[in-house]
Structures are given as structure tokens and as C-alpha cells.
Amino acid sequence: GSVTHRRDPCGDRPGVELRGAWTGNLCAFIAPNAGKRLWALSWKEKVNSQIIPLLYEGRWHECPEGKAKLQGNFAYLSKTGTFDFELERVETL
């Protein structure tokens, strides 16, 4: 699939839009000790201006009113961080 990263302007840095491609998987995350089964996503994004892809792993949480949260970790070279996305269903015509 395709990916677009939008970075907001910050101070005297202008906003930027980066495009690229991604591949990934939706899988079951089974919590230890016979815990609840959750959905997990794992994907790789290769933005055109970067040589090394970003790697993401996160857990999917259903929320009320058709929303969802995706929370997890990402890695780029030896740098790591966390992400927290809030997703909302939209209708297309």
C-alpha cells in the first residue's frame, strides 16, 4: 500500500509531506495466562526520501462510537520510540 507522513510546521521549520510504501500484517495477540485475545498490527514503511524503513508494532483497541486506538513501538536504525494513533471510521461516497 501507500503511506503519507505529514509533519506540521514547527518554529521556523516548514511543514513537510513524505510519501512512500508499506507492507504489513494483522495478527492475534494472545495475552499470557489465558488472557484476552487482542488484535495486533505489524508493518514496515519505506518513505521515498529515506534509505532505511521504519518498523512498527502495535496493539489495536476498539473504542466506542466507531473509533479505535493503535498503540505501540517503532524503530528506525538504532532509534526507538512509541506511537499512539486514534482512528475514526469515515464514510466515502
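The preceding data block contains the structure.
Residues numbered from 1 in each chain as written. Predicted model: local features only at pLDDT ≥ 70, side-chain atom pairs only at ≥ 80, totals over all residues. Heavy atoms only, no water.

K.L.:
An account of the nonpolar core is requested, with residue identities and associated values reported.
P.N.:
By size, the foremost hydrophobic cluster in this structure holds 5 residues: Trp-43, Leu-54, Tyr-56, Leu-70 and Phe-83. What Trp-43 contacts, discounting residues up to four positions off in sequence, is Trp-22, Thr-23, Gly-24, Leu-54, Leu-55, Tyr-56, Leu-70, Phe-83 and Phe-85. (Core = buried A, V, L, I, M, F, W, Y, C linked by side-chain atoms within 4.5 Å. Buried < 20%, exposed > 50% of the residue type's maximum accessible area, 1.4 Å probe, protein only. Contact = heavy atoms within 4.5 Å.)

K.L.:
Any details on the packing of aromatic side chains? Residues and values, ideally.
P.N.:
One pass over the structure, following the stated rule, counts 5 aromatic pairs. Pairing Tyr-56 with Phe-83 gives two aromatic rings, centres 5.5 Å apart and planes at 70°, and the pair type is edge-to-face. With a gap of 27 residues between them, Tyr-56 in strand E4 (residues 54-62) and Phe-83 in strand E6 (residues 79-88) connect regions that are remote in the sequence. Accessibility expressed as a relative area gives 8% for Tyr-56, which makes it buried. Of the residues examined, Phe-83 reaches a relative accessible area of 9% and is grouped as buried. Chaining the aromatic ring pairs together yields one cluster made of Trp-43, Tyr-56, Phe-74, Phe-83 and Phe-85. (Phe/Tyr/Trp six-rings, centres within 6.5 Å; stacked < 30°, edge-to-face > 60°. Helix = DSSP H or I, 4+ residues; strand = E, 2+ residues; numbered from the N terminus.)

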